[in-house]
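As a plain string of letters, each chain reads:
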Amino acid sequence: MFGNPIQRLAALGAAAVVAGGLAVPAYAASHGHRPEKIEHVLLLSVDGLHQSDLTWYVQGHPHSALAALVKGATSYTQARTPLPSDSFPGMVAQVTGGDPRTTGVYYDDSFNHRLLPPGTTKCVGVAPGTEVNYTESLDKNTDSIDAGQGLPGLPGGVLAMTGKPQTLLDPAKLPVDPTTCKPVYPHQYLKVNTVFEVARKHGLRTAWSDKHPAYDLLNGPSGKGIDDLFTPEINSKATGFSGDWTQDNTATRQYDGYKVRAVLNEIDGYDHSRTTKAGTPALFGMNFQSVSTAQKLPVSGGQPGGYLPGGKVPGPVLSGTLDFVDAQVARMAAEIRARGLTGRTAIILSAKHGQSPTDPEALTRLDDGAIINALDAAWTAAHPGAKPLVAFATNDDALQLWLSDRSQTAADFARKFLLTHPATGNTITGAARTLQASGLKTVYAGAGAARLFGVAVSDPSHADLFGIVQHGVVFTGGKSKIAEHGGNDPQDRNVPLVVAVPGGHGSAQHTQVETTQIAPTILRFLGLNPSELQAVRIQHTSALPTR
């Protein structure tokens, strides 16, 4: 009936929507011909999603929106997100073309040996070194989904939230630059420009939606990369639930739904709030958080989170959440079709990070606080009168320490202690389990850590010690999590990467690629020069390979 695959699946999608089902218009591989010029790129990032999850879902749901998307796309089945596999470096990679050695962004909560503590107003004589916390803690009101804007009718009224979230950050909570003696906003911390900045430079409209106002980071060094940045606070109190939006998966889905609504409004040519007609952005998209919480929560809504024993099949909460994400992708694709944009829109689906472990039997939860206290005690005993060795730590399923003494001698001391220190934690059932070497299998310290990241030892922002965990280790003081990210486990770093453009046929590529390659690919699709990205020039990042 229809010779063109776009027309055929678009018609199927329309019929499915009328029938109450879900389908997407056809998209095809990036190597195929393009019947029309690509004018819009929709970037979707699904926190926690593994390539194996996507494969499982598509095989079991052949008529789903995700299956239709994959069928008409190039799937890069060996895509890898940067180390550390945290949300900040993972998202920054996708929009800059660079990893932490170039971007300077290692984690959303880290430490910098050069900057001064928040609230510093007289910088002369102040000792450098401070936590750099670009999380919900910066919000003017951490309890509110609008981060303190003071909107009525929350949480639903959050769509009226400003598209300039920098105004919702408390400057007194920001680290201070010793040269200017001024607060360092997230976008100023990023060392290289973004695809949003390049697009705006060429007169194109940009939009994005993410989980904290601190995602001002994605505006890039200019602070002006994103025309419409919608950032409802995910770690605020969830109305109608106990705790914040991440502590109940139903709540997280509701939260993600606000961002989906924003994207639908943008597809329709409005700003995220649907109050201003601005035109469909050339580059836009959002981050989904609900898969991540479905993987992390031991129980949600009375059902077990994570995966079934063996780690290959999602449990009931995660399976239902994949259905939810599939439905949202279908809504966006249907809206693109309804607005006549199918032939001019590319869709890229990936993830900032995966999550580990998937097999619940592999889980060992260790109290990182106890390990650090033991290290500091050993250091003080060997060096009477010395300050604690660990200046700051961020530990999820990697051990990251910034040291007060940056000498190689101190780094070697910490490394030796950790590799000879047994640590006792608990399993998925709560039973005690003791692991040798602090739950680590490899420790990079001092010059070794610098080499791991590809930077000079004197670089002020990388961890002075980075520990690769034994598979299944999650650093947490309690039993509230069954998975995490941040480390070098393949389950943290192997994420899906699906690139769909109008025309041609789908395919799978099994050679290893990096999510940094998304950025130059986006610019190529929009007819812009990828070399306008500073990280692309520095790291020689290529666009994704095509046939």
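Here the structure is a predicted model, which means the values were calculated and not measured. (Residues numbered from 1 in each chain as written. Predicted model: local features only at pLDDT ≥ 70, side-chain atom pairs only at ≥ 80, totals over all residues. Heavy atoms only, no water.)

## A word on the overall build of the protein
And then number 1: Looking only at helices and strands, the protein has 16 helices and 26 strands in total.
And then number 2: For the protein, whose C-alpha radius of gyration is 23 Å, the value lies close to the compact-globule estimate of 24 Å for 547 residues.
And then number 3: Taken along its principal axes, the extent of the C-alpha atoms in the protein is 80 × 50 × 50 Å.
And then number 4: Within the protein, the fraction of its 547 residues that count as buried is 61%.
And then number 5: Counting only contacts in the protein whose residues sit at least 6 apart along the sequence, the fraction spanning at least 24 positions is 71%.
And then number 6: Counting only carbon and sulfur atoms, one obtains 53% of the accessible surface of the protein, whose full area is about 19500 Å².
And then number 7: The centroid of the 45 positive side-chain charges in the protein is displaced by 6 Å from the centroid of its 46 negative side-chain charges. (Helix = DSSP H or I, 4+ residues; strand = E, 2+ residues; numbered from the N terminus. Rg over C-alpha atoms; globule rule 2.2 N^0.38 Å. Buried < 20%, exposed > 50% of the residue type's maximum accessible area, 1.4 Å probe, protein only. Contact = heavy atoms within 4.5 Å. Areas by Shrake-Rupley, 256 points an atom, 1.4 Å probe, with all protein chains shown as cover. Lys, Arg positive; Asp, Glu negative; His and termini not counted. Charge placed at Lys NZ, Arg CZ, Asp CG, Glu CD.)

## Structural notes on the pattern of salt bridges
And then number 1: Under the counting rule described, the total for this entry stands at 17 salt bridges.
And then number 2: With a shortest N-O distance of 3.1 Å, E514 and R80 are connected by a salt bridge. Linking E514 in strand β26 (residues 513-514) with R80 in strand β4 (residues 79-80), this pair joins segments that are 434 residues apart in sequence.
And then number 3: The exposure class of R80 is partly exposed, given its relative accessible area of 28%.
And then number 4: The structure contains a network of salt bridges with shared partners spanning D268, R274, E335 and R339. (Salt bridge = Lys/Arg side-chain N within 4 Å of Asp/Glu carboxyl O.)

## Overview of helix α15 (residues 518-525)
Working note: α-helix, 3.6 residues per turn, so residues spaced by three or four point in the same direction.
And then number 1: Counting buried positions along α15 yields 7 of 8 residues, so the element is predominantly enclosed.
And then number 2: Among the residues of α15, I518, A519, P520, T521, I522, L523 and F525 are the ones counted as buried.

## What about the sheet that holds strand β20 (residues 440-445)?
And then number 1: The strand order across the open sheet built from 4 strands is β16-β17-β21-β20, with neighbouring strands paired in antiparallel fashion. Every interior strand has two partners, whereas the edge strands, β16 (390-395) and β20, have only one. Ignoring strand direction, the axes of neighbouring strands in this sheet form an average angle of 15 degrees.
And then number 2: Helix α11 (residues 368-382) rests against β16 and β17 (398-403) of the sheet, and its axis sits at about 155 degrees to β16. (Pairing = 2+ DSSP bridges. Axes fitted to C-alpha atoms, helices over the stretch in contact; angles between N-to-C directions.)

## Observations concerning the sheet that holds strand β23 (residues 494-495)
And then number 1: The 3 strands lie next to each other as β23-β4-β26, forming an open sheet whose pairing is mixed. Edge positions in the sheet fall to β23 and β26, since each of these pairs with one other strand and no more.

## Quick word on the state of the cysteines
And then number 1: What the rule picks out here adds up to 1 disulfide.
And then number 2: Between the sulfur atoms of C123 and its disulfide mate C181 the distance is 2.0 Å. Taking the sign of the S-S torsion, about 90 degrees here, the bridge from C123 to C181 comes out right-handed. Placement of the pair is C123 in the loop between β5 (109-112) and β6 (130-133) and C181 in the loop between β7 (176-177) and β8 (182-183), with a sequence separation of 58 residues.
And then number 3: We classify C123 as buried; its relative accessible area is 13%. (Disulfide = S-S within 2.5 Å.)

## Overview of the side chain of K352
And then number 1: Note on placement: K352 falls in the loop between β14 (345-350) and β15 (364-366).
And then number 2: Judged by its relative accessible area of 0%, K352 is buried.

## Points about the packing of helix α8 (residues 249-267) against helix α10 (residues 316-338)
And then number 1: Relative to each other, α8 and α10 sit at 10 degrees, their axes nearing to 10 Å. In terms of their interaxial angle, α8 and α10 are classed as roughly parallel. Contact residues: α8 offers N249, R253, D256, G257, V260, R261, V263, L264 and I267, while α10 offers V317, G320, T321, F324, Q328, R331, M332, E335 and I336. (Parallel < 35°, antiparallel > 145°, perpendicular 65-115°, else oblique.)

## A short note on the side chain of S236
And then number 1: Within the secondary structure layout, S236 lies in the loop between β10 (228-230) and α8.
And then number 2: Within the structure, S236 has its side chain in polar contact with the side chain of W245 (distance 3.1 Å).
And then number 3: If we skip the residues at most four places from it in the chain, S236 touches T142, D143, S144, I145, G243, D244 and W245. (Polar contact = N/O pair within 3.5 Å; in protein donor to acceptor, adjacent residues only side chain to side chain.)

## Quick notes on the confidence of the model for the protein
And then number 1: Predicted confidence across the protein gives a mean pLDDT of 93, with 93% of residues reaching 70 or more.
And then number 2: The element-level mean pLDDT for the protein is lowest in helix α1 (residues 5-18), coming to 37, with strand β9 (residues 207-209) highest at 99.
And then number 3: Low pLDDT (under 50) marks residues 1-25, which in the prediction has 39 contacts with non-local residues, meaning those over four places away or in another chain.
And then number 4: Across residues 27-35, where pLDDT falls below 50, the model places 49 contacts with residues more than four positions away in sequence or in other chains. (pLDDT = per-residue confidence, 0-100.)

## What about the nonpolar core?
And then number 1: By size, the foremost hydrophobic cluster in this structure holds 50 residues, and its most contacted members are V41, Y134, L218, I348 and L497.
And then number 2: Those elements that place two or more of their residues in this core are β2 (40-46), α4 (87-96), α7 (195-201), β14, β24 (498-501), α15 and α16 (534-539).
And then number 3: For this core, the leading source of residues is α15, giving 5 residues.
And then number 4: Not counting residues up to four positions away in its chain, the partners in contact with Y134 are F88, D108, L174, P175, V184, Y185, P186, Y189 and A214.
And then number 5: In this structure, L54, F284, Y307 and L318 belong to the second largest nonpolar core, which totals 39 residues. (Core = buried A, V, L, I, M, F, W, Y, C linked by side-chain atoms within 4.5 Å.)

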